[in-house]
Amino acid sequence: MDDPLYRPPIVRQVSELIGATPLFELCRTDGDARLLLKLEQFNPTGTAKIRMARQMVIDAEERGLLRPGGRIIESTSGNTGLGLAVVAAERGYTFTAVVDHHAAVDKLRAMKALGAELVYVAADGDEELATAAREELAEKMAAESDNAYFTEQHNNPANGVGYHPVAHELHAALQGRIDILIGAVGTGGGLFGTGRVLRERVPGARIIGVEPKGSIAFGPPAHDYYQSGTGTPEGATIGAMVDYDLLDEGAKVGDVEAFATARAVARRTGLLLGGSAGGVVYEALARLSALPPGTTMVALINDGGEKYMDTVFDDDWMATRDLRDPQVECEVEELLIKLRRPAPDTPQERT
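Model, not experiment: these values are computed from the prediction. Sequence order as written defines residue numbering, which begins from 1 separately in each chain. In view of the model being predicted, local features appear only for residues whose pLDDT reaches at least 70, and side-chain atom pairs are presented and counted only at 80 or more, with totals across whole chains, interfaces and linings using the full set of residues. No hydrogens and no water enter the side-chain calculation; it runs on all heavy atoms of the structure.

(A) Local environment of the packing of aromatic side chains. For Phe, Tyr and Trp, rings pair up if their centres lie within 6.5 Å, where Trp contributes its six-membered ring, and each pair is then called stacked (planes under 30 degrees apart), edge-to-face (over 60) or tilted (otherwise). Inspection of every chain in the model, using the stated rule, returns two aromatic pairs. Geometrically, the ring pair formed by Tyr 226 and Trp 317 is edge-to-face, given 5.6 Å between the ring centres and 85 degrees between the ring planes. Residue Tyr 226 is located in the loop between β8 (206-212) and β9 (249-253), and its partner Trp 317 is located in helix α10 (residues 315-320); the two are separated by 91 residues in the primary sequence. With relative accessibility at 30%, the residue Tyr 226 sits in the partly exposed group. Each residue's exposure class comes from its accessible area (1.4 Å probe, protein chains only) as a fraction of the maximum for that residue type: buried when under 20%, exposed when over 50%, partly exposed otherwise. Overall, Trp 317 belongs to the buried group, its relative accessible area being 14%. Grouped by ring-pair contacts, the aromatic residues Tyr 226, Phe 259 and Trp 317 constitute a single cluster. For helices the rule is a DSSP run of H or I covering at least 4 residues; for strands it is a run of E covering at least 2, with both sets numbered from the N terminus onward.

(B) Structural detail: the environment of Asp 179. For Asp 179, the position within the fold is in the loop between α6 (164-174) and β7 (180-184). Here Asp 179 falls in the partly exposed class, since its relative accessible area comes to 34%. As a C-alpha pair, Asp 179 and Val 298 span 119 residues in sequence and 8.1 Å in three-dimensional space. When near neighbours in sequence (up to four residues on either side) are disregarded, Asp 179 contacts Gly 204, Ala 205, Arg 206, Gly 294, Thr 295 and Thr 296. Whenever two N or O atoms come within 3.5 Å, that pair is a polar contact, provided that in protein one can donate a hydrogen and the other can accept it, and provided that, for residues adjacent in sequence, both atoms are side-chain atoms. Among the polar contacts listed, one links the side chain of Asp 179 to the backbone nitrogen of Thr 296, at a separation of 2.8 Å. Here, residues are in contact when the closest pair of their heavy atoms is within 4.5 Å.

Written as structure tokens, this is what we have:
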């Protein structure tokens, strides 16, 4: 800030830093239709999911399901686990994360660094997404332990409640000028928790969900996919937070397109996006040029790309799995060049 007397606030808990994440204008058409990114990676742990992790724990405490000194158990691909690890440390609980090797390695390392116990449901080298097996084991462990609580993010209403503040932040920042909200659908808490409150404030806002190709929330066919922390694989139950009545449209984006977008955005803007966030941005960019003049579309960016250096941003990892397509990356870059305007203080704008 320009004010020399400004002093940042002093906080005493990491969770006090949750929220008030920035909006980033990625693109704007000649007709002033714009794509804004809600950068949830600026929350502690670099993800939106710490919002709902905190809310699930608070809800369990209020309902007497979690007592002092207890254990929190969750099936997670990483981001929810990171949030729960922070909240557990702050509130005096232990945390057990039931995981598989489909999760990004950096997420697993970070959970362990935060004091979480990691329990794997698959052997080393097995990269299959094992959501159903994780859920089953987490439920069993909680049932067999004293003073243990399975937060069960896929079916916990507090998940959606944790995202209500996102809607309030968007409404306040944009003064209600939100025409489209687009976001990834995993548990459904982020998009529909935000969307429910946003629709109350802005009744005409459209809500578009994005899942990986291979996920089943928006129908078949089912197959494996590499986008982490999103979608519903075959054999898993669609989360109770997925509200089809609130959904205006569901879209599917393949791994190649999602990862190409994350890589292209990084090169063109310096902004690192996670793999599933790349899928959301890909779908948003594909729609932007056809939108009416003056439309504001907000994309929920659930996490940043820093956790994906060994996967999405690693050429060898991508090539080994046949996920890298330079042509798609080039097409996304060209679209960004076409639609992205220089900021007012850049040399291009000053000349």
